[in-house]
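Per-entry structural report
For reference, the chains in residue letters:
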Amino acid sequence: MTTLTPWALGPFEILLHAEMHYRNGEDFDRRIAVVGFDNSIELSIHTYLSLHPIQRQNRTYSKADCERWLENFHAKIDFLVLEIQIRKLTMVCDKAQFIWYHEVRNSQYHVGGATIPQARELEGIRAAAMWVFGVLFDVADVAALLDQQISMRPGDDLPKRSDDDDRLIDRDYGMVELAGKPFYLSEVLHAFDAVQYSELANEIRKRDAANEEMNQVKE
């Protein structure tokens, strides 16, 4: 991703991860994609407001305004609306739509029953996330950049799930609830971050080995 600045990489990785789930298209992937696109919107704005002015084309904002805008999601969208007005650009969706998509995202955590995002909601939040990232980090064609990055990733470059790793993680962490439906943490963690899934399993494995060694010494 040589075309991106270092400070844009974090928000882009969240956006890329959401896009990969979006393209898989399964019900579980659609839930993860909505959460990821919404997180991308919030992280893009948070990152942008946290930059030094020289990293955002010398655009400056008062410390008090930045602190207010960073308080919550609604305040971040207030900043975005104002920024678009100042730049004399056109909003891809209004504040009410951003808040609606955010509530759809929240429903994946808080609403009973296994809700599956509707296609129009998923398409809307995806377009909004790409647009916000493109505007704030000066990327003209975010969709093309996502295509490029996905095409460069071989299908087997991420750690795969294994029964042994699943057992280790689920033994220690059990189950979590997503959209009112229980899932083993190993399944959710691998879907969100396969690398972290593998690292956590290895950490548990090393800890178990160390504990076993200590017990043998005591005996």
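As shown above, the structure is provided for reference.
Thresholds, definitions, all that
All residue numbers refer to position in the chain's written sequence, counted from 1. Predicted model: local features are reported for residues with pLDDT of at least 70 only, side-chain atom pairs are reported and counted for 80 or more only, and whole-chain, interface and lining totals are derived from all residues. Water and hydrogen atoms were dropped before computing side-chain values, which therefore reflect all heavy atoms in the structure. Strands are runs of DSSP state E lasting at least 2 residues, helices are runs of H or I lasting at least 4, and numbering of each runs from the N terminus. Residue contacts follow a heavy-atom distance rule, with two residues in contact if any of their heavy atoms lie within 4.5 Å. Salt bridge, as used here: a side-chain nitrogen of Lys or Arg that lies within 4 Å of a carboxyl oxygen of Asp or Glu. Buried, partly exposed and exposed residues are distinguished by accessible area as a fraction of the type maximum, computed with a 1.4 Å probe on protein chains only: under 20%, between the cut-offs, and over 50%, respectively. Side-chain atoms within 4.5 Å are what join buried Ala, Val, Leu, Ile, Met, Phe, Trp, Tyr and Cys residues into a set we call a nonpolar core.

Its place among the elements puts I116 in the loop between α5 (95-110) and α6 (119-136). For I116 and F28, which are 88 residues apart along the polypeptide, the C-alpha to C-alpha distance reads 7.9 Å. When residues no more than four places from it in sequence are discounted, the contact partners of I116 are D27, R30 and R31.

To continue, consider the pattern of salt bridges. Inspection of every chain in the model, using the stated rule, returns 16 salt bridges. As a salt-bridge pair, E83 and R59 come within 3.7 Å of each other at their nearest N and O atoms. Of this pair, E83 sits in helix α4 (residues 73-87) while R59 sits in the loop between α2 (27-50) and α3 (63-69); the two residues are 24 residues apart in sequence, bridging distant segments of the chain. When its relative accessible area of 2% is taken as the criterion, E83 is described as buried. A relative accessible area of 23% means that R59 is categorised as partly exposed. Each member of the salt-bridge network shares a partner with another, and the members are E19, R23, R126 and D147.

This paragraph deals with the nonpolar core. Among the nonpolar cores identified, the biggest contains 43 residues, and F37, I41, I45, F98 and F133 are the most heavily contacted of them. Residue assignment for this core shows that the elements contributing at least two residues are α1 (9-24), α2, α3, α4, α5, α6 and α7 (142-152). At 10 residues, the largest contribution of residues to this core is made by α6. Apart from the residues within four sequence positions on either side, F98 is in contact with I41, F73, I77, L80, M91, C93, A128, W131 and V132.

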